[in-house]
Amino acid sequence: MANLRGLQEGIVNSQIWKSVFRVGIPNTNRKRVLAVLGSLILHLHPVKVRRSGVRMSYTWCMGGTSFFLFLVETVTGLLLMFYYRPTIEYAFTDIMDLREQAPFGIMREMHRWGAHAMVIAVWLHMFRVFMTGSYKPPREFNWNVGVILLVLTLLLSFTGYLLPWDQLAIWAITVGSNMAKATPLVGAGGPFAKIMAFPGTDVPMIHAGSDARFFLLAGTFVGENALLRFYVLHCVFLPVIVTVLIAIHFWRIRKDGGISGPL
């Protein structure tokens, strides 16, 4: 027993152990705090949590559920990218093969239904934050970050809707992109678009080849360019922004005093 205890002390006091575990065994409150703050992952979490913040209730963990569903979408989306080809020749047949031929074809259904569940969870989380007044100072900055994350969640759902490349997807995106055409200032069919022209000329600054709809579709109609544009937005651009904002969101929760308590 003495030899075993001496071996343990030798390992704990070694330079290798100290280079990995800076604060030693967290057997005191101070060491526990330092272990959390010095960790690559745990530093995002608060050192202490209110009892009301982890108590089971009817609004419990909607934010955590949203984050869990985002992880599900990320994992299943990466697996789907191994099989899906964003071209008009193969997009629809690849979706059919993912459902019927590819191993673990259930991943496509998990991705689809997980997306619906994530939208619902984010809405419920925002509703809970609003109803409990958790957006008030000092949390107003994090509320704005949450609103941006809500918009990006809807954009992720919107951009992913076109990827199956069926009639429902094509016509739904056609309607949605026509709504973008009516955007004020940046839509060719929106308010103030006709009065915006280059100085000293009648050449319009906003037209069908340079408005929000053209930027969204990479063209003037829902075609192959739009499919590729939506694929890149859905799989790379938007997820990277969402990941960064989620990290900021979690960090500010800790900086603002942890999970907000009841009114």
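One numbering rule holds for all chains: residues counted from 1, following each sequence as written. For a predicted model such as this one, the threshold for reporting local features is a pLDDT of at least 70, and the threshold for listing and counting side-chain atom pairs is 80 or more; totals across whole chains, interfaces and linings nevertheless cover every residue. Side-chain figures throughout are based on the complete set of non-hydrogen atoms in the structure, without hydrogens or water.

Let's talk about the overall build of the chain
Selection criterion: Secondary structure elements follow DSSP: runs of H or I of four or more residues count as helices, runs of E of two or more count as strands, with numbering from the N terminus. We take the radius of gyration over the C-alpha atoms and set the globule estimate at 2.2 Å times the residue count to the 0.38 power. Only protein chains enter the area calculation, which uses a 1.4 Å probe; residues under 20% of their type maximum are buried, those over 50% are exposed, and those in between are partly exposed. Contacts between residues were defined by any pair of non-hydrogen atoms, one from each residue, lying within 4.5 Å. For the accessible areas, the method is Shrake-Rupley and the probe is 1.4 Å, while residue cover comes only from the protein chains on display. By the counting rule applied here, Lys and Arg register as positive and Asp and Glu as negative, while His and the ends of each chain are not counted. To locate a charge, take atom NZ for lysine, CZ for arginine, CG for aspartate or CD for glutamate.
Secondary structure summary: the chain contains eleven helices and zero strands in total. In the chain, the succession of α and β elements from N to C terminus is α-α-α-α-α-α-α-α-α-α-α. Computed over its C-alpha atoms, the radius of gyration of the chain comes to 25 Å, more than 25% above the 18 Å expected for a compact globule of 263 residues. Principal-axis analysis of the C-alpha atoms places the extent of the chain at approximately 85 × 50 × 40 Å. A total of 263 residues make up the chain; the buried ones form 31% of that total. Considering only residue pairs separated by 6 or more positions, the chain has 63% of its internal contacts joining residues 24 or more positions apart. Of the roughly 17,300 Å² of accessible surface on the chain, a fraction of 70% belongs to carbon and sulfur atoms. Computing the positive centroid from 24 side-chain charges and the negative centroid from 13, the chain places the two 21 Å apart.

With respect to the nonpolar core
What counts is decided by this rule: Take the buried residues of types Ala, Val, Leu, Ile, Met, Phe, Trp, Tyr and Cys, join any two whose side-chain atoms come within 4.5 Å, and each joined set is a nonpolar core.
Grouped together as the largest cluster of nonpolar side chains are 19 residues, with contacts concentrated most on Tyr84, Leu162, Trp165, Val222, Leu227 and Phe230. Looking at this core, the element that brings in the most residues is helix α11 (residues 224-255), giving four residues. Leave out the neighbours within four places in its chain, and Val222 touches Leu162, Trp165, Ile170, Ile173, Thr174 and Leu217.

A look at the environment of Val145
Position of Val145 relative to the elements: it lies in helix α8 (residues 140-161). By relative accessible area, which is 6% here, Val145 ends up buried. Residues Val145 and Arg30, 115 residues apart in the sequence, show an inter-C-alpha distance of 32 Å. Each residue touching Val145, except ones within four places of it in the same chain, is listed here: Leu245 and His249.

Let's talk about the confidence of the model for the chain
What counts, and what does not: The predictor attaches a confidence to each residue, and that confidence, scored 0 to 100, is pLDDT.
Taken residue by residue, the chain gives an average pLDDT of 87. The fraction at 70 or more is 94%. For the chain, per-element mean pLDDT is lowest for helix α4 (residues 51-54), which scores 68, and highest for α8, which scores 96.

A word on the packing of helix α5 (residues 62-81) against α11
So the rule is basically this: Comment: axis = line fitted to C-alpha atoms, over the contacting stretch for helices; angle = value between 0 and 180 degrees taken between N-to-C directions. Any angle from 65 to 115 degrees is called roughly perpendicular, while one under 35 is roughly parallel, one over 145 is roughly antiparallel, and all others are oblique. The crossing is said to be left-handed when, going from far helix to near helix, the turn is anticlockwise and less than a right angle, and right-handed when the turn is clockwise. Residues are sorted three ways: Asp, Glu, Lys and Arg are charged, Ala, Val, Leu, Ile, Met, Phe, Trp, Tyr, Cys and Pro are nonpolar, and all the rest, Gly among them, are polar.
Remark: α5 packs on α11, axes separated minimally by 12 Å, with the N-to-C direction vectors making an angle of 150°. In terms of orientation, α5 lies roughly antiparallel with respect to α11. α11 is crossed by α5, and the crossing has left-handed handedness. Where α5 approaches α11, its residues Phe67, Phe70 and Met81 are matched on the opposing element by Tyr231, Cys235, Pro239, Val242, Thr243, Ile246 and Phe250. Among the residues making up the contact of α5 with α11, the classes are represented as nine nonpolar, one polar and no charged.

Comments concerning the environment of Ala247
Within the element layout of this structure, Ala247 appears in helix α11. Between the C-alpha atom of Ala247 and that of Val145, which follows or precedes it by 102 residues, the distance is 11 Å.

Focus: the packing of aromatic side chains
The condition is simple: Put simply, two rings from Phe, Tyr or Trp (the six-membered ring, in Trp's case) pair if the centres are within 6.5 Å, and we call them stacked under 30 degrees between planes, edge-to-face over 60, tilted for the rest.
This structure, assessed with the given rule, holds five aromatic pairs. Centre to centre, the rings of Phe130 and Tyr135 are 5.5 Å apart; their planes meet at 15°, and the pair counts as stacked. By relative accessible area, which is 47% here, Phe130 ends up partly exposed. The partly exposed category is assigned to Tyr135, whose relative accessible area is 27%. Relative to Phe230, the ring of Phe158 has its centre 5.7 Å away and its plane inclined at 50°; by these criteria the two rings are tilted. Within this pair, whereas Phe158 is found in helix α8, its partner Phe230 is found in helix α11, the two being separated by 72 residues in sequence. When its relative accessible area of 23% is taken as the criterion, Phe158 is described as partly exposed. Through successive ring pairs, a cluster of aromatic residues spans Phe130, Tyr135 and Trp143.

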